[in-house]
Amino acid sequence: MEVVFNLVWLIPLFPLLATAAITFVPGVYYRKKLSARLTIGMMALSLLLSLLVFFATVAHPETQARLEGHAAAVKEAPAGEAVPEAGEAPAGETRPAAPEAEGEEIFLPPRPIFEREFHWMATGRLSLELGFWVDPLTAAMLVMVSLVGLCIFIYSQGYMAAEDYQGEDQRYSRFFSFLGLFAASMLGLVIADNILLLFICWELVGLCSYLLIGFWNFKKSAYDAAIKAFIVTKIGDAGFFIGIFLLYIYTDHMSIGYIIHRPEVLNRLAHTSVLGIGSVAALSAIGLFIGTIGKSAQVPLHVWLPDAMEGPTPVSALIHAATMVAAGVFLVARMFPLFQAAGSGTMEFVAWIGGITAIFAATIAIAQYDIKRVLAYSTISQLGFMVLALGLGGYVAGFFHLITHAFFKALLFLGSGAVIIGAHHVQDMREMGGLWKRLPYTFWTYLIGMLALAGIFPLSGFFSKDEILLDAFKHNPALYVIATIAAFVTSFYMTRQMFYVFAGEARSHGARAAAEVPLFGRELAAAAPADPHGGHGHDEHAVHGGPLPLNMTVPLMVLAAGTVLLSAVGLPLEEGTLFSRFVGGHADFSLLVAGISTLVALAGIGAGHLIYGRNLLRSAHDPDPLQVRMERVRLGRLRLRGKTLDLRLSALYTLWEKKYYVDEIYGFLFVQGSHLLARVSGWFDLAVIDGAVNGAAHLSRLLSSAFGWFDLEVVDGLVNLIGWFGRVFSAIQGWVDLYIVDGLVNAWALATGWVGDRLRRIQTGLVQDYLMLVLLGVALIVGLFILL
Amino acid sequence: MDVIGEFLGRMFTMPTPLYWAGTIATALAVGAYTWFLLLRKDPNDVRGRGTALAAIITFLLLLAAPAVFGSVDILGYWPILTLITFIPLFGAIVVLCLPKERHDWIRWTSLLISLFPLGLSIALWVGLNRLPEGMQFVEKMAWIEPIQVYYHMGVDGISVPMVFLTALLTTLAVLYSFIVTDRPKEYYAFFLILEMAMIGVFVSLNFFLFYIFWELSLVPMYFLIGLWGAPPRQEGRIVRGGPYAAIKFFIYTLAGSVGLLLAILGIYFTQGTFDIVELTQRVAGGTPLFEPGSVGAALAFWALFVGFAIKVPSFPFHTWLPDAHVEAPTAGSVILAGILLKLGCYGLIRILLPLMPHEFETFAPIIIILAAISIVYGALVAMAQWDLKKLIAYSSVNHMGYVVLGVAIAAMSGAQLTTKAIALSGAVLQMFNHGIITGGLFFLVGVIYERVHTRDLHLYGGLRRLVPVYAGVWGVTSFASLGLPGLAGFVSEFMVFRGAFGAALEVSSARFQLLSPLAVLILVAVSTLGIVFTAAFMLWTIQRMLFGTAKEKFQDLYDSRHLFDMDLREVLTMAPLLLFMVIVGVYPGVIVDMINRAATSLLSLLG
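Worth saying up front: this structure is predicted, and the values here are computed from it rather than measured.

Participant: Describe the overall build of chain A, with residues and values.
Facilitator: Counting its regular elements, chain A contains 35 helices and six strands. For 788 residues, the compact-globule formula gives about 28 Å, and the C-alpha radius of gyration of chain A, at 46 Å, lies well above that figure. Looking at the 788 residues of chain A, the share that counts as buried comes to 53%. Considering only intrachain contacts with a sequence separation of at least 6, the fraction spanning at least 24 residues in chain A is 75%.

Participant: Could you give me a rundown of the overall build of chain B, with the residues and numbers involved?
Facilitator: Scanning chain B for helices and strands turns up 25 helices and four strands. Classification of the 607 residues of chain B by burial places 60% in the buried group.

Participant: Summarise the interface of chain A and chain B; cite the residues concerned and give the values.
Facilitator: On the side of chain B, 45 residues touch chain A, which itself brings 42 residues to the contact. Those elements giving two or more residues to the side of chain A that touches chain B turn out to be β1 (114-123), α10 (195-213), α11 (220-251) and α34 (662-760) of chain A. In terms of residue count, α11 of chain A provides more of the side of chain A that touches chain B than any other element does, 13 residues in total. In terms of residue class, the side of chain A that touches chain B is built from 26 nonpolar, nine polar and seven charged.

Participant: Lay out helix α33 (residues 650-657) of chain A in plain terms, naming residues and giving numbers.
Facilitator: All names here are of chain A. Residues of α33 that are buried: S650, Y653 and W656. Relative to the axis of α33, the buried residues are bounded by an arc of 105 degrees and lie together on one face. Its buried side turned inward, α33 meets α19 (344-366), α32 (625-632) and β6 (643-648). Positive backbone phi, at 55 degrees, marks K659, one or two positions downstream of α33.

Participant: A description of the nonpolar core should follow, citing residues and the corresponding values.
Facilitator: Counting 486 residues, the largest nonpolar core has V332, L388, A410 and A483 of chain A together with V163 and V407 of chain B as the members making the most contacts within it. Per element, the largest residue contribution to this core is 21 residues, and it comes from α11 of chain A. Dropping the residues within four chain positions of it, V407 of chain B is found in contact with L348, I349, L353, L424 and A427 of chain B.

Participant: Before we move on, can you summarise the environment of T752 of chain A with the specific residues and values?
Facilitator: Mapped onto the fold, T752 of chain A is located in helix α34. When the C-alpha atoms of T752 of chain A and L198 of chain A are compared, they prove to be 123 Å apart, with 554 residues separating the residues in sequence.

Participant: Explain the pairing of strand β5 (residues 634-640) of chain A to me, and be specific about the residues and the numbers.
Facilitator: The side chains of a regular strand alternate between both faces of the sheet. Residues and elements named next belong to chain A. Within β5, only zero of the seven residues are buried, which leaves it mostly out in the open. Summarising the sheet, β5 and β6 pair through six bridges and their orientation is antiparallel. Looking at β6, one finds that R637 is bridged to D646. Linking β5 to β6, which pair antiparallel, is a turn of two residues; within it R641 sits at a positive phi near 50 degrees.

Participant: Tell me what's going on with α10 of chain A, and back it up with residues and numbers.
Facilitator: Along its 19 residues, α10 of chain A runs 26 Å from first to last C-alpha, staying within 8% of the 27 Å computed at 1.5 Å per residue. Of all 19 residues in α10 of chain A, 19 are buried, a share of seventy percent or more.

Participant: Give me the lowdown on the pairing of β1 of chain A, citing residues and values where you can.
Facilitator: Pairing of β1 of chain A with strand β2 (residues 126-134) of chain A, which is carried by nine bridges, proceeds in the antiparallel orientation. Bridge assignment links F118 of chain A to a residue of β2 of chain A, and that residue is L130 of chain A.

Participant: Outline the environment of K219 of chain A, listing residues and values.
Facilitator: All names here are of chain A. With respect to the helices, strands and loops of the structure, K219 is situated in the loop between α10 and α11. Overall, the presence of 17 C-beta atoms within 10 Å leaves K219 in the partly exposed class. Measuring from C-alpha to C-alpha, the distance between K219 and G576 comes to 50 Å, with 357 residues separating the pair along the chain.

Participant: Go over unusual backbone geometry, please, and point to the residues and values.
Facilitator: Geometrically, the link from V312 of chain B to P313 of chain B is a cis peptide bond, its omega value of -15 degrees lying close to zero. Within the fold, P313 of chain B resides in the loop between α13 (295-311) and α14 (320-327). Not every positive phi belongs to a glycine, and Y660 of chain A is a case in point at roughly 60 degrees. For Y660 of chain A, the position within the fold is in the loop between α33 and α34. Residue classification places Y660 of chain A among the partly exposed residues on the basis of 13 C-beta atoms within 10 Å. Positive phi outside glycine occurs at Y661 of chain A, with the angle close to 60 degrees.

Participant: Tell me about the packing of helix α17 (residues 388-410) of chain B against helix α21 (residues 488-506) of chain B, residues and numbers included.
Facilitator: Residue and element names in this part refer to chain B. Axis separation between α17 and α21 bottoms out at 9 Å; the angle between their running directions is 40 degrees. Here α17 lies oblique to α21, going by the angle between them. In the packing of α17 onto α21, the handedness of the crossing is left-handed. For the pair α17 and α21, contact is made by Y402, L405, G406 and I409 and by S492, E493, V496, G499, A500 and A503, respectively. Of the residues assigned to the contact of α17 with α21, the class counts are six nonpolar, three polar and one charged.

Participant: Can you break down the packing of helix α24 (residues 460-475) of chain A against helix α25 (residues 477-502) of chain A residue by residue, with the values?
Facilitator: All names here are of chain A. The geometry of α24 relative to α25 is characterised by a closest axis approach of 8 Å and an angle of 155 degrees between their N-to-C directions. Compared by their axis directions, α24 and α25 come out roughly antiparallel. Pair α24 / α25 crosses with left-handed handedness. For the pair formed by α24 and α25, the contact residues are K465, I468, L469, A472 and F473 on the first element and L479, Y480, A483, T484 and A487 on the second. Class assignment for the residues of the contact of α24 with α25 results in eight nonpolar, one polar and one charged.

Participant: Go over the confidence of the model for chain B with me, naming the residues and quoting the values.
Facilitator: Residue and element names in this part refer to chain B. Averaged over every residue, the pLDDT of chain B is 84; residues scoring 70 or more account for 86%. With pLDDT under 50 throughout, residues 70-75 is counted as low confidence; its partners more than four residues away or in other chains account for 17 contacts. Predicted complex metrics record ipTM = 0.85 and pTM = 0.85.

Participant: Please set out the environment of V719 of chain A residue by residue, giving values where relevant.
Facilitator: Within the secondary structure, V719 of chain A is located in helix α34. Residues V719 of chain A and W444 of chain A, 275 residues apart in the sequence, show an inter-C-alpha distance of 107 Å.

Participant: An account of the confidence of the model for chain A is requested, with residue identities and associated values reported.
Facilitator: Low pLDDT marks stretches whose predicted atomic positions should not be read closely. All names here are of chain A. Taken over all residues, the pLDDT of chain A has a mean of 83, while the share at 70 or more is 91%. Taken together, the stretch residues 71-103 has pLDDT below 50 and engages in 38 contacts with residues farther than four places along the chain or on a different chain. Note that residues 522-544 has pLDDT below 50 and, in this model, 28 contacts with residues that lie over four places away or in other chains.

Parameters and conventions
Residues numbered from 1 in each chain as written. Chains lettered and ligands numbered in written order. Predicted model: local features only at pLDDT ≥ 70, side-chain atom pairs only at ≥ 80, totals over all residues. Helix = DSSP H or I, 4+ residues; strand = E, 2+ residues; numbered from the N terminus. Rg over C-alpha atoms; globule rule 2.2 N^0.38 Å. Buried ≥ 20, exposed ≤ 12 C-beta atoms within 10 Å, placed from the backbone. Contact = placed C-beta atoms within 7 Å. Nonpolar A, V, L, I, M, F, W, Y, C, P; charged D, E, K, R; others polar. Arc of directions from axis to C-beta. Core = buried A, V, L, I, M, F, W, Y, C linked by C-beta atoms within 7 Å. Pairing = 2+ DSSP bridges. Expected span 1.5 Å × (residues − 1). Axes fitted to C-alpha atoms, helices over the stretch in contact; angles between N-to-C directions. Parallel < 35°, antiparallel > 145°, perpendicular 65-115°, else oblique. Left-handed = near helix turned anticlockwise from the far one by under 90°. pLDDT = per-residue confidence, 0-100.

Okay, structure coming up:
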């Protein structure tokens, strides 16, 4: 047994290997059949291993003790008598007497049978460890995911071969590689023992959902829907993220077991306040629940799921009905003790969100014409039921409904895909009709799914929905009424759909040409796939594709069988049901509630028959019979700007048909709003911040040119002025030099010359003149002597 | 098995320089062989399978050899940091000596040279994990002793990822740039000099050395943007284009560096040393660099912060980035986003955080506000862009906001050590992740731009059908960028936010001097919404580029075979980056353990 548990990590690894092979090995990618078969084979291995794990879990002594029912003590123990069980449990030292302060009983799910952790990264002096484990919840989910997954994978072979868009590359292999990645992430999410690993897988399934919704990404509607799905769930994930951080910060642990199996930890979380806003448990539970709201399409964030129907139908079945959207509910179930520790306020919040979603989506489903959209809103509504159950403390009820819903909703979606392909790409229910004769396998299986969804007695949907209604009945009468009305609406719109699709006359070319390959008729089967496009040319009503292949109808039968057989584990025994014993919780049965719910479901079917069964549509353009009836009821008059408007009951129908205008409101508020914000920020960045930088640059250039002027005109001007002065001065000096200094010199020279010239005259050369002069000189000197 | 074990055992016990000689000789021999193969081919044929194969073999051998030989004692003998830093400079000189018309020689020489730092940085990585905490591979010798300038190098778990990232991205940038035909000699020389400067910043432990490398890194980038970038063009009142962006980049960073220089001088005049390790120890020992609470301390803090924040770039100092990215050549954008931005973050971590912890803590709320604005505002502005490069440039502002947030959280002494360590390691990991992811995105923009010569997203569409491999690679890289779990970006965002929430909840309100813990909590929660915006604009970009049907222009280009899928060289460029995105995303312990060790020891030193 230990060996089997040690191999649990292989379960998600198998499909991942198929994905890797398709992505990286061109030889696989270019062989469509090989890629499909490889993925299916890997999924089958996962299923095999999941079943082994499941049976090993069932065979485990602890589980056996619970299953055999003699362990009333075990079941009761978590609630009140924690101490006696602590002695029995192998890891009892971690569960001391539960110090329940408020007397609020906290349900502790059974401990994991197997757990393994590994080092992921170092955080300070600690180590962050991730790991995987097996507990009853995991075991049940593993089987559900891999079984439903395998059916859908097989179905996809036929569906994707028949689906084509005007010669577009079908990307058949790519589709299977995405499916494999999805299965790996989903299975990883199920075995994660750690919120972080769970979150990682959670985001990866979101990625696959994005890739697969936008699989035909040459269509605008497809990629718009893909982005919408990713962003809307991402908003929820921001809440999830914060919830994780709160838990991580206050426990230093991200192991789920550390939190949910320890009353003392839960107690501490419930009594630690976060900055006075609320307790850690409440805030983190609400954070995680916001993630659930996004992923499981609960009311404020439900808008992405109907649009997600743009993806191929197997994707709608697998991801957007059976498994991924259930991950949100699974998260609440997984962290259930935390929600309980968070207190009644949080639980009530959860319950009300679920209840509102259940009725809100169910009413919208009444007025949809697209076969897949009806189922999409039905899914939202059913997820609302599950959340409602969990919010009311119905751990078993919510989780059981998750499992049964996965089967019958996958069945319904695949059935709708079969109808679409069978009726040659008609999705509008008004263009169908009369298909019950033409597509018998599809019809009968669809009928089983529809009855299960409506909650009719021997089918599994009856037991699971009944448990939810019972929980509501016991704890919250208001929500019980809402849930009962939602149950009525559910059976009503499903009846409407049945009549639209299968009853009456075929109302389009495609529907008239619908056919199935019989289970035991080889000759037709061989003829069918040989002519996939039928050479019908460009006729607008081109009918291509043959009858429905067996690989599309057989999975329907398997799922229908599952839907029927699952009720066995939901049968009320004296101590709950087999299922409740397995997952370790309570399940009751009340004949009164079951009776009322059956009556309500039958009433819904009856009303559907009265309105739709008696007024079958003649052509695709006929109005909806319900709308016609509601048109007749006038509620009152409205005066608006002088005009009188008749307010008729059909306004309500329009409101439903337009989905309460939520898309329009969100589109205006958030999409346009964020675009506007982005544009304003872009303008701000360019004009103000970069403007400031460029302004600074501009200013500095201005400044520098001012300085340049100053430098040129003033500083340099001064220098030039000084230079000019120097030049003037030097000119004066030059003049002075030339005329005065030099002039003096010249004047002296001239004077000397003149004097010389004059004196020259006495040089006569006559001795007597010289003697005369000597005599005069002597006389002069003697005269001077005498005078002095 | 025994034989192999014995062989390995002997290898690790033999005298070590011999091994290095052997490693380098092997690398050179393989390189020579590659070169030889190449010379026989048409010089302009870079897509030859033989040459590419030889390049792969060289690459792998070089990666493997030092990792195998990289035991601690080997590295002890060898000035490995000096080698890592200066081999590119040597390479630049070699490249400059080659004949300028032999483009193939220039290319392959540059590639070969750039492989050496890469191999050695892997040796650093392997070696560091076997060494005790603290600075390792230290080299210290006197340089200008009278003013206490030492040639001091060393690395720890924070710098090694950065050194490795630099070496890796430079190698890939060189490989990618094989298409450059305009003056390749100068181009590659600038690249190699740039590599030297960047690695120099990451390994310097002396302010003087640090500052030299810091400033030096500007010069080659200036020329790369200015000369190999887009030609100038009139746009409104501004003449945008390569020269404009280059000048803006240079002047803006230089303006920040002035404050940095003044602060360094201020520290030198008060403390009398340039040594970062010594200063860190003094601060940790209880002697702050400046009197706590004084104006001088605040001034020094803000001078350093602004100097680094410009380089990061943090809001509101980010506007040089879109211009520089838009105008730079592809490989230039990659290096700019991948590494140059990290210099600023590295400065915050290596200098500002340990040297001025008190001031950092005081001003942390302001820095947290700036970081939160960078995260949300960066994403919003990116959402409004239609120029592909500009969009990614703004996404860098968004991503670097996480780094600043992480560092600011690590400065809060009131938070628990675990919280701070996670925040700081998250910041360093985010630096690394941003390098590989945004570097990869810029490569991919280059790949498509080369073919279609437009970055206007209005013209894009339908690439998924025309170029499926490219579309796949773009998709993975975008998802890594928007923080998809399982890919690298998520881990660092997770760590930073864990740290931020932890700090907001653990730090008592008395510790926050400027903001209440509740305000910080709200800021951080709002930043979480930045993740949603990032997802939104990344998905819109994917939608605009890959989905829908191709517009006429693209279809024509496709029909005329101008638009073809990624070739081998481009795939080889992206492959290591994709590999790291997945490895870090799936098992972050590979790198986080190393970073965490350094971060924890740094933080516990600060107390």
